[in-house]
Amino acid sequence: MGPATTPPVSLADGETPRGGAVSDLMLRRVLRTPTVVAGVVILCLVALVGLAAPLLTSLDPAAISPVSRNKTPGAVETVRADDGTKHEVRHWLGTDSLGRDVYARVVYGARASLAVGAVVAVASVAIGLVIGLLAGYVRWLDGIVMRFMDGLMAIPAILLAIAVVSLSSAGLAAVIVAIVVPEVPRVVRLVRAVVLSVREEPYVEAAIAAGTRTVPLIVRHILPNTVPPLIVQATYIAASAILIEAILSFLGVGIPPETPTWGNIMAEGRTLFRVYPHTILYPGILLALTILSVNLLGDGLRDTLDPRMRRRM
Amino acid sequence: MPGFLARRLLATIPVMAIVAVLVFSMLRLTPGDPASIIAGAAATSADIAGIRDKLGLDRPIVEQFAIWIGNLLRGDLGESFFFKKTVASLVADRLEPTLALATLTMLWSIAVAVPLGVVAAYRQGTWVDRVVMGFSVLGFSVPVFVIGYVLIYVFAIELSWLPVQGYQALREGFWGFLQRLILPSLTLSVIYIALIARITRTSVLEVLGEDYIRTARAKGLPRSTVLMRHALRNAAVPIVTVIGIGAALLIGGVVVTESVFSIPGLGRLTVDAVLARDYPTVQAVILLFSLVYVLLNLLVDVLYTFLDPRIRY
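Residues numbered from 1 in each chain as written. Chains lettered and ligands numbered in written order. Predicted model: local features only at pLDDT ≥ 70, side-chain atom pairs only at ≥ 80, totals over all residues. Heavy atoms only, no water.

Novice: What is the right way to read the overall build of chain B from this model?
Specialist: Looking only at helices and strands, chain B has 13 helices and two strands in total. Principal-axis analysis of the C-alpha atoms places the extent of chain B at approximately 80 × 55 × 35 Å. Scored against the burial criterion, the 313 residues of chain B give a buried share of 51%. The contacts in chain B between residues at least 6 apart in sequence include a share of 71% that link residues at least 24 apart. Carbon and sulfur atoms make up 67% of the accessible area of chain B, which totals about 14500 Å². (Helix = DSSP H or I, 4+ residues; strand = E, 2+ residues; numbered from the N terminus. Buried < 20%, exposed > 50% of the residue type's maximum accessible area, 1.4 Å probe, protein only. Contact = heavy atoms within 4.5 Å. Areas by Shrake-Rupley, 256 points an atom, 1.4 Å probe, with all protein chains shown as cover.)

Here you go:
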């Protein structure tokens, strides 16, 4: 996406339009990128699947049924209800080794992945923004905070997440905290860098000279500059959060199997993978597709909102 | 040069100190008595008393930290009550597979990714470029374990070319050792190749626009000389940087890959230790991996001066 494709609305690199950090203009430009459109469409579909899960399957994703263990995709089973009536159940994607319907689990699993992605992105950005603004603006804090962040970043992300998860009992909240902790330093660095470059600008000096107090100064004059790169960063964080959640759940240290997630469906399929590869294959494809769509969205947003970053990546 | 090395080595000390503080606080953050947590579920009260005494748990927290660091520096990583061994010997036993897997992956990833990136940059906008970039986006999106299982399914189960899982020590024969590392290393390399190829492309692309490249071409130098001597040489610094930073992905990937392929390395040990709540082992592994990561990036800094003589510290 270069200015050449959209001449009337093109903005010079790094220039921010007046009237807010992200304008309608930019939004329209983002939505004209084919990869972004593809990303948004896939993401909306996955979100729809997650929201409409009860409509897409009548089966309980957590219901264990010893008789219907390890069915292959498409297997039909006759189930006798309590009142004696019989009806047929088709396991579109087969069942796992506890007899749970893989299709139902995959459909419901979309919820966990998207929820983790969204919550982690928002939480990391919010926490990182506050710490980053403080570190960038309050000089004596800068050294201490940034050394601490360097230390956090020296621990590889997945390892740090595993360590945090080991401190409490497994569950959705623990997993979210565990993924937020390694992401925060990256946001802090980004915000701090923006603050440091902006605080020397003449308009900030002018605002200080005009007697603007610190808090309104940060909120009104410095904060808006962090918004475009943060939107891009948040998208990438969402993608990596979905990935790390799947990894944690796959390793057995993440979300326990009562709540279906694509990661723990695949963990369940590990032991019998040679015979029943579908338990890993289908959630794997959906997981990859979802992460891909978020990454495509991120790339498109980056090219439009943060053109300086495009040259770096 | 020696002065620079010494200064850089000294600069890693604060980072590692913060990592140590974080890892140390891990156990103090978990609810309960650290001594009984360390001793594990099957501990006798004598065991617990012994640990309390050794770690000085009845003393002030700063003193506890000093004792812990002192033990670490003497190579005493504590005792794993779960594995019934000292952590140091446990780590030593598990070192070879991880080292072999990571080194092999790193070497061949660089050997593949750098030429891919150079070609993509040189043929910018052609199908070669699109294939490389497409692979790169995909590589970031498909989770490591999904790649692993797909490779196992195709090459080990369907084609029976390679063993499904397991590890063979180097002293038991080179071919068996290599054979069992091929699939894990392929799996692990995807994300690393994606990352390096992407940065190489951007970095070379930026250099290709420079005047000296035009001069070199105008002189009639062969294409390969221009690309390798003039372009790649000048684009090397960001590439080497990302090889260092990307090592975090590699370390995270090792944890997952070793689980998929049942390789008894440090990554598998980390997961087993977390599942068993074996904190001394978790702490040691995190410290070790972080140390390796920090030292690798130190090596990268040193490499800068060789790659670009203009960089002087």
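Novice: Would you explain the packing of aromatic side chains in this entry?
Specialist: In this description, a pair of aromatic rings is defined by centroid distance and the angle of the planes. Considering all chains together, one arrives at eight aromatic pairs over all chains under this definition. Relative to B:Phe177, the ring of B:Phe174 lies with its centre 6.1 Å away and its plane at 40 degrees, an arrangement referred to as tilted. With B:Phe174 and B:Phe177 both in helix H8 (residues 174-208), this residue pair falls three residues apart, about one helical turn. The structure contains a cluster of three or more aromatic residues connected by ring pairs, namely A:Phe250, B:Phe145 and B:Tyr149. It is A:Arg199 that lies over the ring of A:Tyr137; its NZ or CZ is 5.6 Å from the centre. Cation over ring: A:Arg270 sits above A:Phe250, and NZ or CZ is 4.8 Å from the ring centre. (Phe/Tyr/Trp six-rings, centres within 6.5 Å; stacked < 30°, edge-to-face > 60°. Lys NZ or Arg CZ within 6 Å of the ring centre and 35° of its normal.)

Novice: What should I look at first to understand the interface of chain B and chain A in this one?
Specialist: Often, the extent of an interface is quoted as the loss of accessible area upon association of its parts. Across the contact, 44 residues belong to chain B and 44 residues belong to chain A. Contact between chain B and chain A buries roughly 3700 Å² in total, counting both sides, with carbon and sulfur atoms accounting for 78%. Of all residues in chain B, B:Ser141, B:Phe145 and B:Tyr149 give up the largest surface area on contact with chain A, accounting jointly for 16% of the area buried on that side. Across the contact surface, chain B and chain A share one salt bridge. We note a salt bridge from B:Arg198 to A:Asp299, for which the minimum N-O separation is 3.2 Å. Counting across the interface, chain B meets chain A through four residue pairs in polar contact (both at pLDDT 80 or more). (Buried area = accessible area lost by both parts, 1.4 Å probe. Salt bridge = Lys/Arg side-chain N within 4 Å of Asp/Glu carboxyl O. Polar contact = N/O pair within 3.5 Å; in protein donor to acceptor, adjacent residues only side chain to side chain.)

Novice: What's the story with the environment of A:Thr290 in this structure? I'm lost.
Specialist: Residue and element names in this part refer to chain A. Position of Thr-290 among the secondary structure elements: in helix H11 (residues 278-305). Judged by relative accessible area, Thr-290 falls into the buried class, the value being 0%. Along the primary structure Thr-290 and Leu-43 are separated by 247 residues, whereas in three dimensions their C-alpha atoms are 6.3 Å apart. Once residues within four sequence positions are removed from consideration, Thr-290 is found in contact with Leu-43, Val-46, Leu-114, Ile-242 and Trp-262.

Novice: Whenever I open this one, unusual backbone geometry confuses me. Can you help?
Specialist: Glycine aside, negative phi is the norm for most residues, and most peptide bonds take the trans geometry. Residue and element names in this part refer to chain B. Of note in this structure, Ser-160 is not a glycine but carries a positive phi near 50 degrees. Take Ser-160: it is sitting in the loop between helix H7 (144-158) and H8. Unlike most non-glycine residues, Ser-262 shows phi in positive territory, near 50 degrees. When you line up the elements, Ser-262 lands in the loop between helix H11 (247-260) and helix H12 (266-275). Since its relative accessible area comes to 37%, Ser-262 is described here as partly exposed.

Novice: In this structure, what is going on with the domain arrangement of chain B? I would like to understand it.
Specialist: Residue and element names in this part refer to chain B. When its domains are assigned, chain B resolves into domain 1 (2-73) and domain 2 (90-307). Between domain 1 and domain 2, the C-alpha centre-to-centre distance is 32 Å. Counting from both sides, the interface comprises 18 residues of domain 1 and, opposite them, 14 residues of domain 2. Here domain 1 and domain 2 share an interface that buries about 1400 Å² over both sides, 83% of which is from carbon and sulfur atoms. Remark: the boundary between domain 1 and domain 2 carries zero salt bridges. Here domain 1 and domain 2 share one residue pair in polar contact (both at pLDDT 80 or more) between them. Elements with a minimum of two residues in the side of domain 1 that touches domain 2: helix H1 (2-29), helix H2 (34-39) and helix H4 (61-73). (Domains from an automatic or database assignment.)

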